[in-house]
Structures are given as C-alpha cells and as structure tokens.
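Below are the chains, spelled out letter by letter.
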Amino acid sequence: MLPTPPHAQRRALKSIHHVHGARVSTWTYPAVGPCRGVILAVHGFRGDHHGLARIVDRLPGFTIIVPDLPGFGDSTPFAGESIPPSGVSAPGAPVADTAAAAPRHDVAGYGEVIGALRGQLSLGPDTILLGHSFGTIVAATYLSRHPGAFAQLVLINPICEPALEGSQAAMSRAAGAYYAAGERLPAPLGEALLRSRFITDVMSLAMLKSRDPKMRAYVFDQHRRYFSRFTSRSTLREAYASSITATVRDVAARINEPVLLVIGEQDELGSVKAQRSLARTFPRARMRVIGDVGHLIHYEKADEAASLIEEFLAAEHPWVPRGMPRTTYASKGLPDAP
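The structure displayed is predicted, hence computed values, not measured ones. (Residues numbered from 1 in each chain as written. Predicted model: local features only at pLDDT ≥ 70, side-chain atom pairs only at ≥ 80, totals over all residues. Heavy atoms only, no water.)

1. Notes on the sheet that holds strand β10 (residues 285-290)
Thought 1: Across the sheet, 8 strands lie side by side as β1-β2-β4-β3-β7-β8-β9-β10; this open sheet has mixed pairing. A strand with exactly one partner marks an edge of an open sheet, and here the two such strands are β1 (13-19) and β10. Direction aside, neighbouring strands of the sheet carry axes that sit 20° apart on average.
Thought 2: Summarising the sheet, strand β3 (residues 38-42) and strand β7 (residues 128-132) pair through 4 bridges and their orientation is parallel. Bridge pairing in β7 links A41 to L130.
Thought 3: Each of β1, β2 (22-29), β3, β4 (63-67) and β7 is contacted by helix α2 (residues 107-120), which is oriented at about 115° to β1, the strand it contacts most.
Thought 4: Against the sheet, helix α9 (residues 272-281) touches β9 (259-264) and β10, its axis set at about 165° to β10. (Pairing = 2+ DSSP bridges. Helix = DSSP H or I, 4+ residues; strand = E, 2+ residues; numbered from the N terminus. Axes fitted to C-alpha atoms, helices over the stretch in contact; angles between N-to-C directions. Contact = heavy atoms within 4.5 Å.)

Right, here's the structure in full:
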C-alpha cells in the first residue's frame, strides 16, 4: 500500500532560516543508522518539501535536508530588509540607500537560499546537491556559480530545453495562457483559477503514466494537498516566468562535479533525445532513463530513482580528459548512447 500521510515516514527536525526577509521552513531527516552522506534537496515548481517524501523515505542512509522555497509551502516570500550602513560617508558624499531590494522568486533568488543554508547549517563541500524539475535549474545554476560548493549533483527530471521550444510546446503555451489569466483577472477570480482543484486534477491526469489505481490516487491526493500552497499570485508569477525561460542546459558546461541525470522515458518536459544532448554538455555526467514514467519520477518511480542515486553516490567518478561520458539506461530496450 502506498503511503498517504502528508509527511515522509522518517523523523524530521524542522528549523526556520531567515533569508532576505523570508522565513524559510526547512526539514532535516537524520540518517537511519550510520550516515553515508548529507543531501540538500530542492523541490520543483509549485511544490514544497512533501513532494520529495517518497525519495526521502527510500534513502534512509543519508541525512536529507529539504527547504520549502520562499513563497511556497510553509515559507514566506522574500521581502526588503534594512541593512545598516557600512560606515560614515565622507562630507558631500551621497547617502547610501540602506534598504536592500528583495530577490525575485526565480532561479537566482532561490540560489540565495541554497547559499544561506550552506552557511547556517554548516554544510561542507562533501554535501550532495539534489533537485527535481524546476529545482534542477536552481541547483545546477547555483553549483555553476559556486564551483566546489557541493561534491556531487543529482538531477531528477531535469529541465533540458526552454518550455516554448520543446517537444511539448503546445502544452507549455496552454500553461502560459493559464498563468497569464490568473495574473490578469481580478484577485478573487485569479486566485480561484490558480488554485482550482479541477485544473490541478487535469494537470495530474496529463502527467500520470502509472495505471496502478493506488498510485494514481496518491498523486491526485498529493497535488490537491500541496500544489496550491503558494503565497500569492506575484510570487507564483515570478517563479513560473523563471521556470519557462531558464534551463539546466544553460549552465551544464560550467559544472565539473560528477552529475547524475535521472530521466523519465516519457517526460513531457524533455525528450530522451534532448536529455541525452544535455548529458553530453556536462563534463562529468551519467544519465539513467527509467521506463514507463514521465515527469513524476519522484512519485511514480521513487524506488527506482533512489536505487540509481545510491548506486551513483557509491561509485567513483574519475575525470575523463576527453570524449563524452558514457550514458547508461535503466529501462530495457533503450541502448547505451555512444
């Protein structure tokens, strides 16, 4: 039977971290038994820490830290904050503006959360960074700008191509029209549209690949519970705009750490061909494809994903001076890429 409670089954420690005026709620799941490593995980667009619960449960040997990104779940949005002047200005010099502008709720802004948690939780360079969906863009972009900050990078359902250029461009345009309408309508109507249970169920139905009634019921339940836990239309608008314009491909070549890409064979947001191209852009990447799943690996194929992650983290990843990393697959019928 699939787990249906709202939290991962493992014991969690909740902490609050202040980042640019946001109160970032963070859940730390201590390892069960000897700790094999620490993983900082970043959830996807419109989600929160609950979305990674099944992955968390299947990696008991690792301490896993999952924040709710600002503006989603239990975390408040970024806000401007006063910063004391650094010193006394010289006579006649312009007075410095002491009000710090709040980051946007986008890839760069959420990267600030990763940086803050690294410091506040004393996460060393041996920590593993993991992202799912939109979280893969946030994680990859941060690591590209802070080389050596994390030891390895795990990307589940990475965003490999701009939404309006990919194989599902029509679906992306429909989603864009939906978010535009939610923003432009009067507040009560816009909020109702963006939090519509009917629209949420349509989205679930479109992305589900499993025919198992219990799994389908679980996914519908999770999206109904947590897909609308955003703070406001403005935070949602900023995050959505970032999710359809930035990609992991933009920064992949600048990441020298070992990278695992866990791909859904039927992912609506990135074909296997496009993901293979992304894998070849990284200097040190391994790509694994899981069959019979799309963009919901974290729900539908958590067991398989966790097994691939454990295998990757246990392996050595020597530097390959030339040639492309070998791409291997978890599903039958798909050959290794050259």
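Now that the structure has been shown, the text picks up again.
2. Concerning the pairing of β1
Thought 1: Pairing between β1 and β2: 7 bridges, direction antiparallel. Bridge assignment links S15 to a residue of β2, and that residue is T26.
Thought 2: In sequence, β1 turns back onto β2 through a hairpin of 2 residues, with H20 there showing a positive phi of about 50°.

3. So, helix α3 (residues 134-145)
Thought 1: For α3, spanning 12 residues, the distance from its first C-alpha to its last is 17 Å, which sits close to the expected 16 Å at 1.5 Å a residue.
Thought 2: Where burial is concerned, most of α3 is hidden: 11 out of the 12 residues are buried.
Thought 3: Where α3 is buried, its residues meet β3, α2, β7, β8 (152-156) and α8 (233-243). (Expected span 1.5 Å × (residues − 1). Buried < 20%, exposed > 50% of the residue type's maximum accessible area, 1.4 Å probe, protein only.)

4. Re the side chain of H223
Thought 1: With respect to the secondary-structure elements, H223 resides in helix α7 (residues 213-226).
Thought 2: For H223, a relative accessible area of 7% gives the class buried.
Thought 3: Ignoring anything within four residues of it in the chain, the contact list for H223 reads T200, M203, S204, L296 and Y299.

5. Points about empty space enclosed by the protein
Thought 1: For the coordinates displayed, the defined rule picks out 3 cavities of 30 Å³ or more.
Thought 2: Its volume calculated, the largest cavity comes out at about 40 Å³.
Thought 3: Taken together, I39, A41, L52, I55, V56, L59, I64 and L130 make up the full set of residues lining the largest cavity.
Thought 4: Listed by contribution, the elements that provide at least two residues to the lining of the largest cavity are β3 and α1 (53-57).
Thought 5: Looking at the lining of the largest cavity residue by residue, the classes come out as 8 nonpolar, no polar and no charged. (1 Å grid on protein atoms, 1.4 Å probe; cavity = no way out; pocket = protein on both sides within 12 Å on 5 of 7 lines; lining within 4 Å. Points joined across faces, edges and corners; volume = space filled by probe spheres on them. Nonpolar A, V, L, I, M, F, W, Y, C, P; charged D, E, K, R; others polar.)

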